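Coordinates in review
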Amino acid sequence: MLGKLTLSAIPLDQPVPLVAGAVVALIVLGVIAWVVIAGHLPYLWREWITSVDHKRIGAMYCILALVMLIRGFSDAILMRSQHAVAYKAGGYLPPEHYDQIFSAHGVIMIFFGAMPFMIGLMNFAVPLQLGVRDVAFPTLNSVSFWLTASGALLVNVSLVVGEFARTGWWPAPPLSEVTYSPGVGVDYYLWAIQISGVGTLLSGVNLVTTILKMRAPGMSYLRMPMFCWTALASNLLIIAAFPILTATLAMLILDRYLGFHFFTDSHGGNSMMFMNLFWAWGHPEVYILALPAYGVFSEVISTFSGKPLFAYRSMVMATMAIFILSFMVWLHHFFTMGPGGDVNGVFAITSMIIAVPTGVKIFDWLFTMYGGRVRLTTAMLWSLGFMVTFVVGGATGVLLAIPPADFVLHNSMFLVAHFHNVMVSAVLFGAFAGYTYWFPKAFGFRLDEWWGKAAFWFGITGFVIVFGCFYWLGLLGMTRRMQHYDVADWRPWILISAFGVVVMFVGLVCQVVQLVVSIRRRDSLRDVTGDPWDGRSLEWATASPPPVFNFAALPEVHGEEAYWAIKSRAREQMRLREEPAYEPIEMPLNSPTGFICAFFSTLIGFAMIWYIWWLAAAGFLGAFVTFVVFAWRDTVEYEIPASEVAKVNRANRSTRLEALHGAGQRRAA
Amino acid sequence: MSHADHADAEGLDRHQTEVAPGEEFAEEDIGKGIRGYLIGLALAALLTVCSFAIVHAKFVWAPAVPVAVIVFAIAQMGVHLVFFLHITTGPDNINNVMALAFGVLFVVLLIGGSVWIMSNMNSNMMPAMPPSSSPQSSQPSMPMIQPMRH
Ligand code: HEM
Ligand SMILES: [Cu+2]
């Protein structure tokens with residue numbers, strides 16, 4: 001009846017995950033109880049859970065990402081503290097548990113921390129920057145989000161029901177085959193990633209369609225803000241790469257469930273084929289994450305330097321070059337696993353070539369700042385921190401791309417330092433820069449700058465300490481994924497890196513405090529005009545938070561930096577642009593389809609993990625019925641009357657006019 | 001930039017002139033659309049028949065048969081692209097052509113790269129196959145890293 005699921009699946013003998021799981025479960029239940037009792041449930045259901053508004057969905061992606069980043073960080077704390085005590089001793093985490101922690105850490109950070117954050121920012125900002133009302137397929141967007149959330153839920157359920165994979169974040173066979181991993185851990189990994197992977201693929205299709213087909217009148221490709229270009233490249237990569245991941249994991253599922261032999265080392269299987277296919281997705285994936293972050297930095301640096309992006313077209317070229325090159329380097333992840341010198345040589349060279357367009361970008365950002373009036377806001381600090389630290393990460397990447405060097409450094413702590421160096425400084429710093437930059441647009445008030453800067457300084461200091469030590473530990477010969485060690489030379493560096501984690505933790509606390517403080521002081525941090533940073537692209541042309549329909553009339557674009565042109569004209573003439581002729585606007589109706597689909601997908605995933613076949617069938621049937629009901633719906637849109645549109649727009653116009661005159665008087669005085 | 005000017009001149013009307021893929025025929029007359037599909041079907045069937053015929057034909061020089069089949073296959077793809085997927089060279093079709101080009105590029109990179117990598121790794125493996133008649137392969141072990149070309 002319940003497949004492999006019995007009471008013994010709950011790890012009563014392991015206090016650490018159980019207590020952690022219980023605390024998380026209590027918090028979640030507490031929040032749900034509070035929501036229900038305080039009567040917020042109808043509001044949440046109507047305005048968020050069933051919302052198909054790209055801004056709401058984007059915000060929910062980012063909230064999911066923030067929560068998962070904290071979960072992933074707590075795994076990191078466990079690992080660092082284990083190493084701090086496991087010198088010539090077993091430490092407090094037994095090997096089979098330590099292995100689950102580093103696996104869960106990687107999976108959560110990449111799939112449920114970094115990915116949702118970047119997708120969330122793109123979802124939120126791209127339609128606004130393009131000057132349109134929503135993404136191409138709004139309900140599909142909601143489905144994508146909830147599928148991602150479903151995957152995240154499954155990974156977290158593994159904490160208290162059963163176990164998680166012990167294979168690392170890429171489940172390499174033969175270790176991940178049933179022979180060596182008979183438990184449910186790898187199955188949790190497989191189904192969580194399959195379900196969220198479908199969500200990611202759908203959101204890639206959605207954003208690419210939006211960018212290619214739905215720009216504001218006059219917004220040609222070469223007038224799009226840089227962030228839209230990097231979003232385009234990133235989502236094209238999603239479309240090209242994610243099917244590889246899905247197919248590869250499907251083959252592993254067939255191996256594990258039906259006794260196939262794709263990747264076994266007997267009966268004609270080939271485990272290196274998994275390595276090959278996984279990294280053919282894996283390397284593009286790191287650029288799926290890094291490219292949108294480059295876009296955020298481009299927007300932030302240009303805004304806070306008060307200058308257009310330097311050499312916009314070279315930036316576009318560099319983005320598209322990285323897009324193509326990122327598909328030609330995947331072998332550098334297994335230089336040491338058998339390819340001959342000629343293959344290694346070719347992939348070494350393609351890998352190093354990626355540093356060229358990346359360097360172009362760095363110089364473009366530097367020249368954007370050169371001669372500008374740089375304002376050191378929190379978002380700008382994250383961007384500067386990125387530029388300084390990322391160069392080091394890129395350089396160690398080029399070093400690792402030299403096969404003879406990689407034979408020494410592969411799978412050492414040096415490698416761990418390299419990829420954290422690039423992932424943290426590009427993706428995480430980019431996420432925080434984007435979060436502080438677009439927060440006022442999303443919620444109507446700015447985040448507190450003092451706490452933001454504190455978070456930055458603690459964050460970057462801790463980060464440099466931790467991963468500086470890792471580089472050195474790698475050179476001292478320490479390999480990755482060790483549960484304990486007995487080399488005296490490593491000990492001081494391991495202790496210093498543990499101290500670095502404490503510093504990072506302070507940064508995290510500042511980040512949380514910043515949010516709380518800003519919410520409490522929201523009235524003094526209010527963004528009344530909709531343009532808090534003196535921005536240059538179209539998202540700043542509408543109110544903060546923007547109305548559901550984003551723009552009362554679609555803006556007309558006559559050149560690069562669409563909003564800067566409008567604003568400059570307004571400043572010269574001391575009046576706003578002509579009021580548009582208001583028309584009623586059709587917007588898509590909210591729909592619970594996404595939430596219900598994801599509910600059934602979670603059931604399918606859970607059932608497959610525990611071999612509960614009837615439940616899987618029921619979940620599948622439910623998901624299919626949901627789809628049919630959605631496809632047969634009668635009304636798709638609702639209409640917002642012209643008078644309502646006019647009212648909303650006039651309110652924003654009056655505050656903008658006031659600000660314009662205020663600034664004019666200040667200039668005259 | 002010509003594309004930009006073009007978009008500007010049309011201004012607000014641009015959205016109405018751009019039709020989503022698949023909707024092209026909604027506005028044209030249906031008969032023309034159906035005729036296109038029929039021509040495509042006929043060509044596709046013809047090419048299929050040809051490739052079956054050439055395999056069985058006695059009068060063709062044997063080594064030329066695979067080449068001919070490959071040529072027919074490529075022509076078949078072309079027919080599908082033009083008549084069924086409506087890939088044209090018109091300016092409104094740039095997105096579709098680009099999507100096709102990227103698709104082909106990535107598939108070639110992935111499949112070509114995988115075949116190359118996997119065969120290269122295979123030839124570096126220790127001989128695990130049952131011994132063949134050649135005396136060399138019965139030698140015991142081979143150092144892993146040293147490349148061994150067959
Ligand atoms: C100039 C650019 C870069 C080069 C040449 C480069 C090169 C490399 C090489 C050779 C490896 C494999 C080392 C080994 O396993 O021994 C590697 C690993 C890795 N790189 Fe990079 N890299 C670059 C940029 C980036 C960026 C921008 C990111 C992410 C934002 C990234 C993320 C990673 C990750 C996640 C891994 C390790 C995965 C694992 O083994 O778990 N790299 N890189
Ligand atoms: Cu890589």
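Definitions and limits used
- Residues numbered from 1 in each chain as written.
- Chains lettered and ligands numbered in written order.
- Predicted model: local features only at pLDDT ≥ 70, side-chain atom pairs only at ≥ 80, totals over all residues.
- Heavy atoms only, no water.
- Helix = DSSP H or I, 4+ residues; strand = E, 2+ residues; numbered from the N terminus.
- Buried < 20%, exposed > 50% of the residue type's maximum accessible area, 1.4 Å probe, protein only.
- Contact = heavy atoms within 4.5 Å.
- Near = heavy atom within 4 Å.
- Polar contact = N/O pair within 3.5 Å; in protein donor to acceptor, adjacent residues only side chain to side chain.
- Nonpolar A, V, L, I, M, F, W, Y, C, P; charged D, E, K, R; others polar.
- Donors = N, O, S within 2.8 Å, 3.2 Å for Na, K, Ca; no water.
- pLDDT = per-residue confidence, 0-100.
- Axes fitted to C-alpha atoms, helices over the stretch in contact; angles between N-to-C directions.
- Parallel < 35°, antiparallel > 145°, perpendicular 65-115°, else oblique.
- Left-handed = near helix turned anticlockwise from the far one by under 90°.
- Phe/Tyr/Trp six-rings, centres within 6.5 Å; stacked < 30°, edge-to-face > 60°.
- Lys NZ or Arg CZ within 6 Å of the ring centre and 35° of its normal.
- Salt bridge = Lys/Arg side-chain N within 4 Å of Asp/Glu carboxyl O.
- 1 Å grid on protein atoms, 1.4 Å probe; cavity = no way out; pocket = protein on both sides within 12 Å on 5 of 7 lines; lining within 4 Å.
- Points joined across faces, edges and corners; volume = space filled by probe spheres on them.
- Expected span 1.5 Å × (residues − 1).

1. Quick look at the overall build of chain B
Secondary structure assignment for chain B yields 6 helices and 0 strands. Walking chain B from its N terminus toward its C terminus, one meets helices and strands in the order α-α-α-α-α-α. In chain B, buried positions account for 20% of the 150 residues. Long-range pairs, those at least 24 residues apart, make up 51% of the contacts in chain B between residues at least 6 apart in sequence.

2. Details of the site of ligand 1
All names here are of chain A. For ligand 1, the set of nearby residues contains 23 residues, the closest of which are Trp 169, Asp 406, His 410, His 418 and Arg 480. Between an oxygen atom of ligand 1 and a side-chain N or O atom of Trp 169, the distance comes to 2.9 Å. With respect to ligand 1, the side chain of Arg 480 contributes an N or O atom lying 3.0 Å from an oxygen atom. Considered class by class, the residues forming the shell around ligand 1 number 14 nonpolar, 7 polar and 2 charged.

3. With respect to the coordination of the copper ion (ligand 2)
Distances from the copper ion (ligand 2) to its protein donors, His 283 of chain A (ND1), His 332 of chain A (NE2) and His 333 of chain A (NE2), fall within 1.8 to 2.1 Å. The distance between the copper ion (ligand 2) and the iron atom of ligand 1 comes to 4.4 Å.

4. Notes on the coordination of the iron atom of ligand 1
Each donor-metal-donor angle would ideally measure 109.5 degrees in four-coordinate tetrahedral geometry, or 90 or 180 degrees in six-coordinate octahedral geometry. Donor atoms from the protein around the iron atom of ligand 1 number only one, His 418 of chain A (NE2), found at 2.2 Å. Along the chain, the position of His 418 of chain A falls in helix α14 (residues 413-443).

5. Focus: the confidence of the model for chain B
All names here are of chain B. Confidence in the prediction of chain B, expressed as mean pLDDT, is 73, and 64% of residues score 70 or more. For chain B, helix α1 (residues 2-10) is the element with the lowest average pLDDT, namely 39, and helix α5 (residues 64-84) is the one with the highest, namely 92. Segment residues 1-25 is flagged for pLDDT under 50; beyond a separation of four residues in sequence, or across chains, it makes 33 contacts in the model. Counting contacts from residues 131-150, a segment whose pLDDT is below 50, to residues more than four positions away or on other chains yields 14 contacts. In the predicted complex, the global pTM is 0.90; the interface-specific ipTM is 0.89.

6. As for the packing of helix α5 (residues 138-157) of chain A against helix α6 (residues 185-213) of chain A
Residue and element names in this part refer to chain A. Two elements in contact, α5 and α6, have axes whose closest approach is 8 Å; the angle formed by their N-to-C orientations is 160°. As summarised for this structure, α5 and α6 are arranged roughly antiparallel, according to the angle between their axes. Where α5 crosses over α6, the two elements pack in a sense that is left-handed. Contacts between α5 and α6 involve Leu 140, Asn 141, Val 143, Ser 144, Leu 147, Thr 148, Ser 150, Gly 151, Leu 154, Val 155 and Val 157 from the former and Tyr 188, Trp 191, Ala 192, Ile 195, Ser 196, Val 198, Gly 199, Leu 202, Ser 203 and Asn 206 from the latter. Its residues placed into classes, the contact of α5 with α6 shows 12 nonpolar, 9 polar and no charged.

7. Let's talk about the packing of aromatic side chains
Residue and element names in this part refer to chain A. Taken as a whole and judged by the stated rule, the model has 66 aromatic pairs over all chains. An angle of 75° between the planes, with centres 5.8 Å apart, marks the rings of Tyr 98 and Phe 102 as edge-to-face. Of this pair, Tyr 98 and Phe 102 both sit in helix α4 (residues 95-130), 4 residues apart, which is roughly one turn of that helix. Aromatic side chains Tyr 221 and Trp 229 sit 6.4 Å apart centroid to centroid with 55° between the ring planes, which places their arrangement in the tilted category. For Tyr 221, a relative accessible area of 22% gives the class partly exposed. Put simply, the rings of Phe 111, Phe 112, Trp 169, Trp 170, Phe 242, Phe 260, Phe 262, Phe 263, Phe 274, Phe 278, Trp 279 and Trp 281 touch in pairs and so form one group of aromatic residues. The ring centre of Tyr 221 lies 4.0 Å from the NZ or CZ of Arg 215, which sits over that ring. The residue whose ring lies beneath Arg 536 is Trp 564, and the NZ or CZ to ring-centre distance is 4.0 Å.

8. Section: the packing of helix α8 (residues 271-305) of chain A against helix α9 (residues 312-325) of chain A
Residues and elements named next belong to chain A. Remark: α8 packs on α9, axes separated minimally by 11 Å, with the N-to-C direction vectors making an angle of 170°. On the basis of their axis angle, the class for α8 and α9 is roughly antiparallel. In this structure, α8 contributes Tyr 287, Leu 291, Tyr 294 and Ser 298 to the contact, and α9 contributes Met 315, Thr 319 and Ile 322. Its residues assigned to classes, the contact of α8 with α9 comprises 5 nonpolar, 2 polar and no charged.

9. Notes on the pattern of salt bridges
All names here are of chain A. This structure, assessed with the given rule, holds 15 salt bridges over all chains. Notably, a salt bridge pairs Glu 47 with Arg 46, separated by 3.6 Å at the nearest N-O pair. With a closest N to O distance of 2.7 Å, Asp 531 and Lys 567 form a salt bridge. With Asp 531 in the loop between α16 (491-520) and α17 (562-573) and Lys 567 in helix α17, this pair connects stretches of sequence that are 36 residues apart.

10. Notes on the environment of Ser 524 of chain A
Residues and elements named next belong to chain A. Among the secondary structure elements, Ser 524 is positioned in the loop between α16 and α17. A residue is classified by how much of its surface remains accessible, and Ser 524, at 56% relative accessible area, is exposed. Sequence separation between Ser 524 and Arg 446 is 78 residues; the distance between their C-alpha atoms is 9.1 Å. Looking at Ser 524, its side chain comes within polar contact range of the main-chain oxygen of Arg 521, at 3.0 Å.

11. Thoughts on unusual backbone geometry
Of the consecutive residues Pro 173 of chain A and Pro 174 of chain A, the connecting peptide bond is found in the cis state with omega at 0°. Its place among the elements puts Pro 174 of chain A in the loop between α5 and α6. Each neighbour pair has its own omega, and for Ser 544 of chain A with Pro 545 of chain A the value is -15°, a cis peptide bond. Structurally, the position occupied by Pro 545 of chain A is in the loop between α16 and α17. In the Ramachandran plot, His 86 of chain B falls in the positive-phi region, its phi being about 55° despite a non-glycine side chain. Note that His 86 of chain B resides in the loop between α5 and α6 (94-123). Residue His 86 of chain B is classed as buried on the basis of its relative accessible area, which comes to 18%.

12. As for empty space enclosed by the protein
Leftover empty space is mapped by rolling, across the atoms, a probe with the size of a water molecule. Residues and elements named next belong to chain A. Scanning the entire structure with this criterion turns up 1 cavity of 30 Å³ or more. Mapped by element, the contributors of at least two residues to the lining of the largest cavity are α4 and α6. At 4 residues, α4 tops the list of elements feeding residues into the lining of the largest cavity.

13. Thoughts on α6 of chain A
Counted at 1.5 Å a residue, the expected span for α6 of chain A with its 29 residues is 42 Å, and the 42 Å between its end C-alpha atoms agrees. Taking burial as the measure, the 29 residues of α6 of chain A include 22 buried ones, the bulk of the element.

14. Regarding helix α4 (residues 30-56) of chain B
In this model, α4 of chain B (27 residues) spans 40 Å end to end at C-alpha, consistent with the 39 Å of a helix rising 1.5 Å per residue. By the burial criterion, the buried members of α4 of chain B are Gly 33, Gly 40, Ala 44, Leu 47, Ser 51 and Ile 54 of chain B.

15. Comments concerning the environment of Ile 496 of chain A
Residues and elements named next belong to chain A. Tracing the sequence through the fold places Ile 496 in helix α16. Ile 496 sits in the partly exposed class, given a relative accessible area of 36%. Separated by 34 residues in sequence, Ile 496 and Gly 462 have C-alpha atoms that sit 10 Å apart. Ignoring anything within four residues of it in the chain, the contact list for Ile 496 reads Ile 465 and Cys 469.

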